[in-house]
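Here's the letter readout for the chains.
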Amino acid sequence: MIHVDRNEKLYIIISVALISVFFVALGISSFVYGIQVPVPEQRVDPRTIATPAPDNPFGEPGLRELVPGKRYDAYILAQIWSFTPREIRVPAGSTVTFYVTSKDVQHGFRINETNINMQIVPGEVSKLTVTFDEPREYDFICHEYCGVGHQAMAGKIIVEP
Amino acid sequence: MFARENKLTAWYLGVAMTALFIGGFFGPLQKLEYVGINFYTTLNKIGIASYYQGLTLHAVLNALVWTTFFIVGFFTFAITHSLKKELTHPKINLISLIVMIIGLIMAAIPILMNLATVLFTFYPPMKANPFFYIGLVLVVVGSWIGGWGFYLTYIAWRKENPGVRTPLIALGSLITMVLWQIATLGVATELLVLVIPWSFGLVEGTDPQLARTFFWFTGHPLVYFWLLPAYVSWYGMLPKQAGGKLFSEPLARLVFWLFLALSVPVGLHHQYLDPGVPAGWKFMHALLTYSLFLPSMLTAFNVVASLEIGARNNGGTGLLSWVRALPWGDPSYTAQNLAMILFVFGGIGGLTNSSYNLNLAVHNTSWVPGHFHLTVGSAVTLTFFGIAYWLVPKLSGKPLWNRKVALVQAWTWFAGMLLMGNGLHILGLNFGVPRRTMIGAAPYAADAWTPMLIEAAIGGIILGISGLLFYSNMLGTVLSKKRLEAPIEMPVAEPYESEPAPAWLDSWKPWLAVTVLLILVAYGPVLVNMIANANMTSPGFKVW
């Protein structure tokens, strides 16, 4: 082994302890609090994803009501340089699952002031769920560079009373 | 002795600095655009078509060209001088330089012609001109060739010096080159297999998710390829410059080996929010990323203890007031010490990014460029400036043009990065301001962002001025007619304790085995699965 100074040894022990605390904190917040990240949901073909078809919800993107006033699915199609739809209205207290994909290049999807933050990769569907409690507006923004019009790519969620 | 090595180093450094000059030029313009001062309509007249073409130049020239050329050049110098042995096959290293320059030109032309406005991540299915990708491959392959020249020299040194411990500066540099060669297998595969045939139209579609995964296989160890040369200087040279010795030489070696083993199997922490990667693999990479915190913690203690030895040798006393006895009048030292201070903030922010859950709050916001301007833009770049303050006089045989200007340069870089870093971090965390976006033209930009946008812009302007001070000093030195009165030697820190490091800290096989094993465990199954199920369905798009 190598000779290590006494103070340095103590410091190393504290460092390792600190990292162990981080490990535990990561585990607890990820599994106990149920932090969600996008995981493989569905593979799609970006070349035909915008084509309306009975089994393709992205052919007619928009909000689907599952339980009135309570539960919704939102299908959003990203393309240069806009989201379809650009605006979504839901009542306060509703839980919305977002399904987002791209028909061209990579995009991003982040609803500010929420935990909804996803990469949008053509060929994959990104999915996350959030509950909107208060009536207010949220911006959703493309955060991945997608060409010269990237800065214009955004939309709004309006949570109604 | 070393005439050829010094000349090669000078060439690498010259190309690196030229790239940073052009790339850096766009930095302040980007921050001015944030506050509504848009120079891009003027730049249209000299052929810069958009904010994003400028941003591509800024990112590729600074993050890829400045770093890679500086590092290979610095290592050409450091390895040979540390081993006290000239390159055994200097032609190989000359070929490395030539291939890298050809690659740089080949990649630069499409960017300048607005045929590759794809930023430095070039995520498919955005499709650039094929020569952009081929140029990047040549820069990487050129740097590999340089590495082979180093290894051959090292093998020859080893034969002449059996049983002798490899000097720390040479060992750290060689480990960094090996790390780079393993890491770049990812981006090389992405470019050669997926992207280049597709950009030529030989195949119709590509798989963007798979391409991203190959990219980030390289993308995270890339940051250690940038950082470890700074560590070589902080451990191997800076204690000497401070008048001290390296506190724990064996632990310094251990740090380099740990970075080799742990740098690659962590890349998925850049892809926490990717839809095509299973959560279990993301979580595993999160834990492995946190293990990388250990070698950086070890470095903090060891380097500060080494500097303290120097300060006390210089007459420093007290629990903390010894800090005043560090050589703050020496610009090379000062730049590197300030770089370390900024790295503390960069490192803490990095823990946030690599956290599986906190990353949700900051992913792809301006927090991220805030973070990497404190790391590669400060810890690395300001250290390289500090190295240049002794290395360029050494190579040119001329004294540094103006030490005071160099000191002001180091402090203004520090101040500018603090302001810009703070502004960008807060904008990302509090407001979700997206990264690499023309914010001045974004319809969703809010009034509440303005104070921090202004702070970031002021930081950017100070950095621009600091950059000009650096270049005036470099030009002033090289063009001066004065000659050095006494020759400059590479500063080499002696170990504080005379006992040599144990053999397992100077032994490649076990560490390489651990490295390969960790990569296979952390990437093997997930990557095999993604390759087996590849969806080559994305045609290319030119979106600029």
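Residues numbered from 1 in each chain as written. Chains lettered and ligands numbered in written order. Predicted model: local features only at pLDDT ≥ 70, side-chain atom pairs only at ≥ 80, totals over all residues. Heavy atoms only, no water.

> So, the overall build of chain B: which residues are in play, and what are the values?
Each helix and strand in chain B was counted, giving 18 helices and zero strands. Over its C-alpha atoms chain B spans a radius of gyration of 23 Å, differing by no more than 12% from the 24 Å that the globule rule assigns to 544 residues. Once the C-alpha set of chain B is aligned to its principal axes, its extents read approximately 60 × 50 × 45 Å. Counting over 544 residues, chain B shows a buried share of 65%. Partitioning the intrachain contacts of chain B with sequence separation of at least 6 by distance along the chain shows that 85% fall at a separation of at least 24. Of the side chains in chain B, 29 bear a positive and 19 a negative charge, and the two mean positions are spaced by 7 Å. (Helix = DSSP H or I, 4+ residues; strand = E, 2+ residues; numbered from the N terminus. Rg over C-alpha atoms; globule rule 2.2 N^0.38 Å. Buried < 20%, exposed > 50% of the residue type's maximum accessible area, 1.4 Å probe, protein only. Contact = heavy atoms within 4.5 Å. Lys, Arg positive; Asp, Glu negative; His and termini not counted. Charge placed at Lys NZ, Arg CZ, Asp CG, Glu CD.)

> Describe the packing of aromatic side chains, with residues and values.
Residue and element names in this part refer to chain B. Evaluation of the coordinates by the stated rule reveals 58 aromatic pairs over all chains. Seen from their ring centres, Phe-74 and Phe-75 are 6.0 Å apart, and the 35° between their planes marks the pair as tilted. For Phe-74, a relative accessible area of 0% gives the class buried. Accessibility expressed as a relative area gives 0% for Phe-75, which makes it buried. Judged by centre distance (5.4 Å) and plane angle (85°), the rings of Phe-122 and Phe-215 are edge-to-face. (Phe/Tyr/Trp six-rings, centres within 6.5 Å; stacked < 30°, edge-to-face > 60°.)

> Any chance you could break down the side chain of Asn-114 of chain B for me, citing the residues and the numbers?
Along the polypeptide, Asn-114 of chain B turns up in the loop between helix H4 (90-112) and helix H5 (130-160). Once residues within four sequence positions are removed from consideration, Asn-114 of chain B is found in contact with Ala-49, Gln-53, Lys-542 and Trp-544 of chain B.

> For the interface of chain B and chain A, give the residues involved together with the corresponding values.
Listed as interface residues are 74 residues of chain B and, on the opposing side, 64 residues of chain A. For the pair chain B and chain A, the summed buried surface comes to about 5,500 Å²; carbon and sulfur atoms form 66% of the total. When residues of chain B are sorted by the area they lose upon contact with chain A, Pro-275, Leu-360 and Tyr-444 of chain B head the list and together hold 13% of the total. Counting every contact that joins chain B to chain A gives two salt bridges. (Buried area = accessible area lost by both parts, 1.4 Å probe. Salt bridge = Lys/Arg side-chain N within 4 Å of Asp/Glu carboxyl O.)

> Go over the pairing of strand S5 (residues 94-102) of chain A, please, and point to the residues and values.
Residues and elements named next belong to chain A. Of all nine residues that make up S5, nine are buried, and the element is covered over most of its length. Bridging between strand S2 (residues 71-79) and S5 involves eight bridges; their strand directions are parallel. By the bridge assignment for S5, Tyr-75 is matched with Tyr-99. Here S5 pairs with strand S8 (residues 126-132) via seven bridges, running antiparallel. (Pairing = 2+ DSSP bridges.)

> Any details on the packing of helix H6 (residues 168-183) of chain B against helix H7 (residues 185-199) of chain B? Residues and values, ideally.
All names here are of chain B. In contact at an axis separation of 5 Å, H6 and H7 are set at 30° when each is read in the N-to-C sense. On the basis of their axis angle, the class for H6 and H7 is roughly parallel. In this structure, H6 contributes Gln-181, Ile-182 and Ala-183 to the contact, and H7 contributes Leu-185, Gly-186 and Val-187. Each residue belonging to the contact of H6 with H7 can be placed in one class, and the counts come to four nonpolar, two polar and no charged. (Axes fitted to C-alpha atoms, helices over the stretch in contact; angles between N-to-C directions. Parallel < 35°, antiparallel > 145°, perpendicular 65-115°, else oblique. Nonpolar A, V, L, I, M, F, W, Y, C, P; charged D, E, K, R; others polar.)

> Break down the confidence of the model for chain A for me, citing the residues and quoting the values.
Low pLDDT means the predicted atomic positions in that stretch should not be read closely. For chain A, the average pLDDT comes to 94, and 100% of its residues sit at 70 or higher. Helix H1 (residues 6-32) of chain A is the least confidently modelled element of chain A, averaging 91 in pLDDT, while S2 of chain A averages 98, the highest of any element. (pLDDT = per-residue confidence, 0-100.)

> Lay out helix H12 (residues 293-313) of chain B with the relevant residues and their values.
For H12 of chain B, with 21 residues, the first-to-last C-alpha span of 31 Å sits near the 30 Å given by 1.5 Å per residue. Once H12 of chain B ends, the next one or two residues include Gly-315 of chain B, with phi positive near 100°. (Expected span 1.5 Å × (residues − 1).)

> Any details on the layout of surface pockets? Residues and values, ideally.
Residues and elements named next belong to chain B. Considered as a void within the structure, the second largest pocket measures approximately 450 Å³ in volume. Looking at the second largest pocket, it is lined by 24 residues, and the ones nearest its centre are Lys-84, Pro-167, Leu-168, Val-492 and Ala-493. Secondary structure elements with two or more residues in the lining of the second largest pocket: helix H3 (51-83), H6 and helix H10 (249-262). In terms of residues, the lining of the second largest pocket owes the most to one element, H10, which gives three residues. Tallied by class, the residues present in the lining of the second largest pocket amount to 12 nonpolar, five polar and seven charged. (1 Å grid on protein atoms, 1.4 Å probe; cavity = no way out; pocket = protein on both sides within 12 Å on 5 of 7 lines; lining within 4 Å. Points joined across faces, edges and corners; volume = space filled by probe spheres on them.)

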